[in-house]
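One letter stands for each residue in the lines below.
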Amino acid sequence: MPSVVCSLVTAAVLATGLLAWVPLAHAGVVADVEIVGVSRVDEGAVRIQITTAVGDTIDPETIDSDVKGIYSLGLFDRVWVVAEERPTGMLLTYHVKERPYIEEISFVGVKNVTDEDLEAVINLRPRTIYDPQKAWEGLREARKYYAAQGYADADLDFELEIYGDNQVKVVYTANEGELVRVQDIRFEGVEAFSERKLRRILGTKKEWFFSFLTGAGLLNDDELTADVEKLGAFYYDQGYINVRIDEPDVERGEDGLIVTFKVDEGPQYRVGEMTFIGDLFIEEEKLLAVSSLQPGDVFSASELREAIFLMVESYGNLGYAFAEVVPLTEVVSDEPVIDVAFRFKSGPIVTVRRVIIRGNTKTRDYVVRRELQVGEGERFTGSGLRRSRENIERLGFFSKVELTTNRTDRDDEVDLLVEVEEGRTGTFSAGAGFSSSDSFIFNARIQEQNLFGRGQALVANMDVGSVRQNVQLSLTEPWFGGIPLSLGADLFSWQLEFDDFTRGGTGFAVRASYPLRDLGVESFLGFSLDRVRAGLEYRLEESQIDGVSLAAPPSIQAEVGTRLTSSIAPRLIRSTLNHPFDPTRGSRQIASAEFAGLGGETDFVKLEFSGRWFTPVFETKGGRELVYSLGTTLGYGVGDAGTSGEELPLFERYFPGGINSVRGFDTRTLGPEEDFIDNDGEITRRETVGGSQQLIINNDLIFPLIRDAGLKGVIFFDAGNAFTAEDGFDAGKLRLAAGFGIRWLSPLGPLRVEIGYPLDAEDDEGSSVVLFSFGAPF
């Protein structure tokens, strides 16, 4: 019977020359449609692409469309149609040749990247149909990946090893070459800024000592493109609105790559006249005062956005939740000056209809609601919304906090949606081990920052060791009586053994604090008191000194016995930390004055200040932050003990050294020393007896190691010591130490392991100290 291969030229082009077509010679009615050549591919997948049906008149365009549809599946190398005459009409047979089946993918010569990394970018998978277009695209991506890892000379190719039954093995062969990093970044045409300042803007960095951690020095084409945009945005933000930056040149130098950015800066523009139009409900003078952008300033896109934000927030504080401010800019002819007009559209005054809280599976609704600065039935305020989010985040109960406003069926009402995701707030641990400061120790600890979802904090801790014994029970209610009055109580009993004496105490303390802002005190001498709480603590403790060595100096011998301490301590507490246990931004300061002598048997005064600041200083390409932390601890005490009669009692003195002090020195080994004398009156040694004054400075550079696991590294430099009240502070006697360590925010609580090296070690001091800590915030 006569037959003919049917198709169109367009389909042949689509098939990239694999199909040969001739004009259709016979026309008639389709009697049957068959598919030949399918093996692994389901025939139904092919048939669904065929629109030609039995009974249809043969149409070359329809058949051509069928061929295109089958080929578009990406499963076949060739597709062709054969038409055969039958007594009842024409038999159409769609022939296909399946592409090979990928049985295996292997890599040869891959050493400096992982097979898994390459598999993620090559766009092919085992036990799938081989697609040559995807294969070449994947090869291009793999070459880009090698270049992004610093192997710009890497040569990568692939070949197919054919098995029986139309199967293939895809073999990638790599010749990686040497690691090449960026050695220098240069700029041409730059006059307004230093090259150092411009380099800090770029995502592309020069190679440096910690490149193995930060990835600095690796060249990435996408990053270079983004760097051009970053430089342009920076210049535009500095008033250079006509800046032009060419595509960077990359040259191969002797030691690495040299990247050059060519810049045409143009003139710098400044702000001319600023006007306000539209719905003006705030005086123009006040709007100008609110604006971060002023006439005569360098024109800055970021400052313009900030000015708009502040103006919108000012309108939001009046209840205009949907206020809009649109800037209209106009360049003054023949002058590098831009006039700005702000057009206001206020919308209606809006109140909050409902507050909807979602995601708090453990935390009670009222714990979240009491942190909100906008409530149901109250006028909406933009600053209140911002402060509400900050308050909830600082609780530390949630891993995610989002506040959004939803429109209702009324233009003057909104619903406030608070969506949270519960985080880890409690820890329990029990075990025995060896502590760097306390030798053998058994510990059991329960800590919960959100007890029963009510926002209360509970800590129960017991340490029993060969050097230290400590039992503590603490409970804090942050909102007593429905107001932000924090009340807490502590029960404690502790004992600490020194080489020549033992000191300890048993007692209780009650404390309270209240935010100054809620008392109507918002600033002092221009300093904001927004996050400052005023507190008061009363402590009653029976202290004991015993186990005193016969060789101990008279000042220690005189302290033997028990004394009752009754003290009161007013304090100020300020915290803007973004996380209570593992902060990366913000700060926390505590200033207190303790007065003992309200009854009891001791009289002393202690003035103390402690502060810790966290500031991100660098961000890697992967979004990892390097954080600098500065800590300061200052203590000043006056009592009625010691040889001078002005020292603090022995059980109140400062003994620096250890993981929370000057790392590099053993715990409680620094401070003033006195002679220890044997029975023959000979001086046997000098030992620390504690100081009445103390100064500690800690400098930490914290960097992530395994971000998802909460594991970080730290490099530190410390300085500090304790001093007698008689001698006072002496900067020349500060002891210095440096070192490194790791920190892990584990499921059981924060864990620290740090190794310190004294920089001015004396003959009887070790060259290094390994320090441990568990459960305390970083």
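Since we're looking at a predicted model, the values are computed, not measured.

**Remarks on the overall build of the protein chain**
- Helix and strand counts for the protein chain come out as 13 helices and 37 strands.
- At 37 Å, the protein chain has a C-alpha radius of gyration far larger than the 28 Å of a compact globule built from 778 residues.
- Projecting the C-alpha coordinates of the protein chain onto the three principal axes gives extents of approximately 125 × 70 × 60 Å.
- The proportion of buried residues among the 778 residues of the protein chain is 44%.
- A separation threshold of at least 6 residues defines the contact pool for the protein chain, and within that pool the share at least 24 residues apart is 57%.
- On the protein chain, the mean spot of the 77 positive side-chain charges and the mean spot of the 125 negative ones are 3 Å from each other.

**Quick notes on the environment of Ser291**
- Structurally, Ser291 can be placed in the loop between helix 9 (284-290) and helix 10 (301-317).
- With relative accessibility at 6%, the residue Ser291 sits in the buried group.
- Considering only alpha carbons, one finds Ser291 and Leu751, 460 residues apart in sequence, at a separation of 45 Å.
- Beyond its immediate sequence surroundings of up to four residues, Ser291 is in contact with Met274, Ala307 and Met311.
- A polar atom in the side chain of Ser291 sits 2.7 Å from the backbone oxygen of Leu293.

**Here we look at the pairing of strand 22 (residues 486-497)**
- Pairing analysis gives 10 bridges linking strand 21 (residues 468-477) to strand 22, with the strands arranged antiparallel. Bridged to Ser474 within strand 22 is Asp490.
- In terms of strand pairing, strand 22 meets strand 23 (residues 502-515) through 12 bridges, oriented antiparallel. By the bridge assignment, Leu496 is partnered in strand 23 with Arg503.
- Counted along the chain from strand 22 to the antiparallel partner strand 23, the turn is four residues long.

**Topic: the sheet that holds strand 7 (residues 167-175)**
- Taken in spatial order, the three strands line up as 5-7-6 in an open sheet, and their pairing is mixed. One side of each edge strand has no neighbouring strand; the edge strands of this open sheet are strand 5 (101-108) and strand 6 (155-163). The mean inter-strand angle of the sheet, taken between neighbouring strand axes irrespective of direction, is 20°.
- Contacting strand 6 and strand 7, helix 5 (residues 132-148) crosses the sheet at an angle of about 145° to strand 6.

**As for the pattern of salt bridges**
- Enumeration over the complete set of coordinates arrives at 46 salt bridges.
- Two residues, Glu43 and Arg47, come together in a salt bridge whose shortest N-O distance is 3.1 Å. Here Glu43 and its partner Arg47 are both found in helix 2 (residues 43-47), four residues apart, which amounts to about one turn of the helix.
- Look at Glu43 and you get partly exposed, because its relative accessible area is 32%.
- We classify Arg47 as partly exposed; its relative accessible area is 35%.
- A salt bridge links Glu195 to Arg199; the nearest nitrogen and oxygen atoms lie 2.9 Å apart.

**Things to note about the packing of aromatic side chains**
- Throughout the structure, instances matching the rule amount to 22 aromatic pairs.
- When the centroid spacing of 6.0 Å and the interplanar angle of 85° are considered together, the rings of Phe234 and Tyr235 count as edge-to-face. Tyr235 shares its class with Phe234; the two are buried.
- Site record: aromatic cluster; members linked through ring pairs are Phe276, Phe281, Tyr315, Tyr320, Phe342 and Phe344.
- The ring of Phe322 carries the charged tip of Arg407 above its face, separated from the ring centre by 3.7 Å.
- The cationic tip of Arg663 hangs over the ring face of Phe716; the distance from NZ or CZ to the ring centre is 4.0 Å.

**Describing helix 8 (residues 221-237)**
- Helix length check: helix 8, at 17 residues, gives a terminal C-alpha distance of 24 Å against a target of 24 Å (1.5 Å per residue), a fit within 8%.
- If you check which residues of helix 8 are buried, you get Glu223, Leu224, Asp227, Val228, Leu231, Gly232, Phe234, Tyr235 and Asp237.
- Buried-residue contacts for helix 8 involve strand 8 (182-188), helix 6 (195-201), strand 9 (244-245), strand 10 (249-252), strand 11 (257-264) and helix 10.
- Downstream of helix 8 by a residue or two, Gly239 has a phi angle that is positive, lying close to 95°.

**A closer look at the side chain of Thr425**
- Within the secondary structure, Thr425 is located in the loop between strand 17 (413-422) and strand 18 (426-435).
- Among the polar contacts listed, one links the side chain of Thr425 to the side chain of Lys362, at a separation of 3.0 Å.

**A closer look at the sheet that holds strand 14 (residues 337-345)**
- Ordered by their spatial adjacency, three strands build an open sheet running 12-14-13, and the pairing between neighbours is mixed. Two strands close off the open sheet at either side, each with one partner strand: strand 12 (270-278) and strand 13 (324-331). The average angle at which neighbouring strand axes cross in this sheet is 20°, direction not considered.
- With seven bridges joining them, strand 12 and strand 14 adopt parallel strand pairing. Within strand 14, the residue paired with Arg270 across the bridge is Val337.
- Strands in contact with helix 10 are strand 12, strand 13 and strand 14; relative to strand 14, the strand with the most contacts, it is inclined by about 25°.

**Description of helix 12 (residues 382-395)**
- For helix 12, spanning 14 residues, the distance from its first C-alpha to its last is 21 Å, which sits close to the expected 20 Å at 1.5 Å a residue.
- Three or more residues of helix 12 are buried, namely Gly382, Ser383, Gly384, Leu385, Arg387, Ser388, Asn391 and Ile392.
- Taken together, the buried residues of helix 12 touch helix 10, helix 11 (365-369), strand 16 (398-407) and strand 17.
- One side-chain oxygen of the residue at the start of helix 12 lies 3.1 Å from the amide nitrogen of Gly384, identifying that residue as Thr381.

**A few points about the environment of Glu254**
- Assignment of secondary structure puts Glu254 in the loop between strand 10 and strand 11.
- It is 59 Å that separates the C-alpha atoms of Glu254 and Gly690, two residues lying 436 residues apart in sequence.

**Quick word on unusual backbone geometry**
- At Asn166, a residue that is not glycine, the phi angle is positive and equals roughly 55°.
- With respect to the secondary-structure elements, Asn166 resides in the loop between strand 6 and strand 7.
- Given the relative accessible area of 30%, Asn166 is considered partly exposed.
- At Asp334, a residue that is not glycine, the phi angle is positive and equals roughly 65°.
- One can find Asp334 in the loop between strand 13 and strand 14.
- Owing to a relative accessible area of 81%, Asp334 belongs among the exposed residues under this scheme.

**Remarks on a negative patch on the surface**
- Negative charge collects at one region of the surface, where Asp115, Glu116, Asp117 and Glu119 lie side by side.
- The class of Asp117 is partly exposed, set by a relative accessible area of 31%.

**What about the packing of helix 10 against helix 12?**
- For the pair helix 10 and helix 12, interaxial distance at closest approach is 6 Å and the crossing angle is 100°. The angle between helix 10 and helix 12 places the two elements in the roughly perpendicular class. Contacts from Glu313, Gly316 and Asn317 in helix 10 reach Gly382, Ser383 and Arg386 in helix 12.
- Classifying every residue of the contact of helix 10 with helix 12 gives no nonpolar, four polar and two charged.

**Description of the confidence of the model for the protein chain**
- In this model, the protein chain carries an average pLDDT of 86, and 91% of its residues clear a pLDDT of 70 or more.
- No element of the protein chain has a lower mean pLDDT than helix 1 (residues 9-14), at 33, and none a higher one than strand 14, at 95.
- A low-confidence stretch, residues 1-26 stays under pLDDT 50, and its non-local contacts, those more than four residues away or across chains, total 63 contacts.

What counts and how
- Residues numbered from 1 in each chain as written.
- Predicted model: local features only at pLDDT ≥ 70, side-chain atom pairs only at ≥ 80, totals over all residues.
- Heavy atoms only, no water.
- Helix = DSSP H or I, 4+ residues; strand = E, 2+ residues; numbered from the N terminus.
- Rg over C-alpha atoms; globule rule 2.2 N^0.38 Å.
- Buried < 20%, exposed > 50% of the residue type's maximum accessible area, 1.4 Å probe, protein only.
- Contact = heavy atoms within 4.5 Å.
- Lys, Arg positive; Asp, Glu negative; His and termini not counted.
- Charge placed at Lys NZ, Arg CZ, Asp CG, Glu CD.
- Polar contact = N/O pair within 3.5 Å; in protein donor to acceptor, adjacent residues only side chain to side chain.
- Pairing = 2+ DSSP bridges.
- Axes fitted to C-alpha atoms, helices over the stretch in contact; angles between N-to-C directions.
- Salt bridge = Lys/Arg side-chain N within 4 Å of Asp/Glu carboxyl O.
- Phe/Tyr/Trp six-rings, centres within 6.5 Å; stacked < 30°, edge-to-face > 60°.
- Lys NZ or Arg CZ within 6 Å of the ring centre and 35° of its normal.
- Expected span 1.5 Å × (residues − 1).
- Patch = residues over 30% accessible without salt bridge, like charges linked within 9 Å, V, L, I, M, F, W, Y side chains within 5 Å.
- Areas by Shrake-Rupley, 256 points an atom, 1.4 Å probe, with all protein chains shown as cover.
- Parallel < 35°, antiparallel > 145°, perpendicular 65-115°, else oblique.
- Nonpolar A, V, L, I, M, F, W, Y, C, P; charged D, E, K, R; others polar.
- pLDDT = per-residue confidence, 0-100.

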